[in-house]
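# A look at the structure
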Amino acid sequence: MRTETAGPILLKDYKPSDYNIETVDLCFRLNDSETAVVSTLKIAPNPLGMPGAPLRLVGDCLTLVSASLDGLELNLSLATPNLLQVDNPPSEPFHIQIETLLNPLANTQLMGLFRSGAAFCTQCEAEGFRRITYFLDRPDVLSIYTTRIEADKETCPVLLGNGNIIDQGDLEGARHYAVWHDPHPKPSYLFALVGGKLDSISDNFITASGRKVTLGIFVEPGKTERASYAMDALKRSMAWDEKIFGCEYDLDIFNIVAVSDFNMGAMENKGLNVFNDKFVLADPNTATDVDYAHIEAVIAHEYFHNWTGNRITCRDWFQLCLKEGLTVFRDQEFSSDERSRAVKRIQDVKNLRNVQFVEDAGPLSHNVRPDSYFEISNFYTATIYEKGSEIVRMLKTLVGDEAFRSGMRLYFERCDGSAATVEDFLGCFAEVTGRNLDVFMRWYNQAGTPLVTVTTSQNLLDQTFTVTLQQSTASTPLQAT
């Protein structure tokens with residue numbers, strides 16, 4: 001555990017990374033107490049960074065075995081479990097290869113690589129990837145990942161990773177391997193790996209453009225009969241996102257893994273969502289309507305992240321509401337269309353008043369976009385999720401349905417494959433409406449629910465009026481990321 005005391009991290013201090021990591025090739029040799037990880041990173045100076053700056057790859061309690069730069073061994077005497085620094089890296093693209101040794105069975109933090117019952121799992125949001133290997137573990141460093149997983153074939157017959165599977169086969173010693181490749185650049189927090197003895201159900205989805213996507217839900221042995229509703233919810237989510245937002249799935253495979261030991265409700269890792277199984281499994285003999293509604297909402301939420309969070313991610317963790325609040329808005333709209341819009345709205349407002357309003361009125365009140373934090377994990381709150389959703393809903397009301405659809409289309413087109421900010425998001429709506437939305441930023445940058453005077457210039461908005469925030473909340477604001 002890290003024990004050093006650090007000051008707050010400030011939004012105003014943001015600077016682009018001095019280096020980009022263009023590709024990441026990983027090899028995991030899974031074993032309960034001694035998993036070897038070899039990472040090969042193609043690194044290039046960032047034109048927006050400081051020329052000649054030291055390369056600082058961060059870790060968290062790592063055991064470093066070896067490290068080399070373009071085949072030449074690095075001096076490990078200065079490395080620590082939390083930092084691998086290269087003082088004079090090349091000015092042209094170069095490769096660093098690092099081998100670390102992990103103990104998944106002893107990882108009780110459930111961050112990084114850990115053992116969960118019958119499976120190895122990873123959880124990397126917000127800063128778990130640094131518990132796997134030394135890295136530029138920040139959301140604005142986007143890389144192409146290829147992951148090779150090796151394990152005992154009897155105890156780990158299922159080997160899953162991000163993206164599409166490109167190779168698999170047997171190895172000596174009753175072991176086997178699988179290689180997964182994700183062609184879409186992503187930050188390290190969206191990396192995922194699962195290996196273990198799991199049962200599964202499968203299905204297919206045909207996208208609007210006619211592509212066939214293979215769907216899988218993997219569960220602990222003996223639980224497949226309770227996964228069928230989650231599969232149905234997934235297919236409905238995919239169809240709804242195409243119809244309402246024009247967002248088509250972009251890989252050949254989409255997998256969900258449900259395990260009993262998972263420290264968050266669910267995680268939107270690219271193409272490989274990992275869930276706490278209470279948000280996937282439903283026994284028709286015992287599950288209530290509320291259980292089914294929760295499963296439907298969380299399945300949809302994590303799937304919708306494929307565009308609002310994955311294809312477009314956050315420049316920094318201060319922009320967390322940009323992926324979470326916007327995605328909560330999308331899953332609330334989905335549930336409203338699938339069920340009763342009026343009933344859903346009443347439920348959301350009731351929950352908001354019971355949770356987020358209390359948070360806003362107390363000592364834990366904070367901005368929807370914070371300007372500082374000591375520990376980002378403390379900001380997965382109702383304010384980020386539910387108040388963030390209500391701000392998006394208010395924006396839709398202010399600009400109108402058609403302008404909102406146009407703004408979302410522009411946002412998806414302009415920011416696809418990038419790490420965006422709230423300003424990037426609002427800028428798309430300002431452009432399509434021809435309005436100055438600078439004052440709207442106050443909803444993101446101030447805590448509490450202040451009265452805001454908004455001056456506008458078209459249609460219903462040709463007047464000055466006072467906006468008061470009426471918000472909603474999902475029933476489990478800290479459960480899904």
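Scroll up for the structure.
Residues numbered from 1 in each chain as written. Predicted model: local features only at pLDDT ≥ 70, side-chain atom pairs only at ≥ 80, totals over all residues. Heavy atoms only, no water.

### Here we look at helix α2 (residues 289-304)
What sets the pattern is the α-helix's 3.6 residues per turn: residues three or four places apart point alike. Its 16 residues place the ends of α2 22 Å apart at the C-alpha level, agreeing with the 22 Å of an ideal helix rising 1.5 Å per residue. The complete set of buried residues in α2 reads Y292, I295, E296, A297, V298, I299, A300, H301, E302, Y303 and F304. Taken together, the buried residues of α2 touch α1 (228-245), β18 (253-259), β19 (266-267), β20 (272-276) and α3 (320-338). (Helix = DSSP H or I, 4+ residues; strand = E, 2+ residues; numbered from the N terminus. Expected span 1.5 Å × (residues − 1). Buried < 20%, exposed > 50% of the residue type's maximum accessible area, 1.4 Å probe, protein only. Contact = heavy atoms within 4.5 Å.)

### Some details on the packing of aromatic side chains
In the structure shown here, the tally under the stated rule is 26 aromatic pairs. Between R148 and the ring centre of Y177, over which it is positioned, the NZ or CZ distance is 4.2 Å. Directly above the aromatic system of Y14 lies the positively charged group of R315, at a separation of 3.8 Å from the ring centroid. (Phe/Tyr/Trp six-rings, centres within 6.5 Å; stacked < 30°, edge-to-face > 60°. Lys NZ or Arg CZ within 6 Å of the ring centre and 35° of its normal.)

### Brief notes about the side chain of T421
Relative to the assigned elements, T421 resides in the loop between β23 (418-420) and α7 (422-433). The class for T421 is buried, based on a relative accessible area of 8%. Those residues in contact with T421, other than ones at most four positions away along the chain, are R315, Q319 and L322.

### Quick notes on the pattern of salt bridges
Side-chain pairs of opposite charge can arise where the charged atoms are in close proximity. Following the criterion strictly, the structure yields 39 salt bridges and no others. Between D140 and R138 there is a salt bridge, with the nearest N and O atoms lying 2.6 Å from each other. D140 sits in the buried class, given a relative accessible area of 16%. Across the salt bridge formed by R315 and D316, the nearest N and O atoms sit 2.6 Å from each other. The partly exposed category is assigned to R315, whose relative accessible area is 22%. D316 sits in the buried class, given a relative accessible area of 7%. One network of salt bridges, in which partners are shared, links E333, D337, R341, R345, E390 and R393. (Salt bridge = Lys/Arg side-chain N within 4 Å of Asp/Glu carboxyl O.)

### What about the sheet that holds strand β16 (residues 199-206)?
With mixed pairing, 5 strands are arranged side by side in an open sheet as β16-β17-β18-β20-β19. Either end of the sheet is taken by a strand with one partner, and the two such strands are β16 and β19. Pairing of β19 with β20, which is carried by 2 bridges, proceeds in the antiparallel orientation. Each bridged residue has a counterpart across the sheet, and for A266 the counterpart in β20 is F275. In this fold α1 packs onto β16, β17 (212-219) and β18, with an angle of close to 25° to the strand it touches most, β16. (Pairing = 2+ DSSP bridges. Axes fitted to C-alpha atoms, helices over the stretch in contact; angles between N-to-C directions.)

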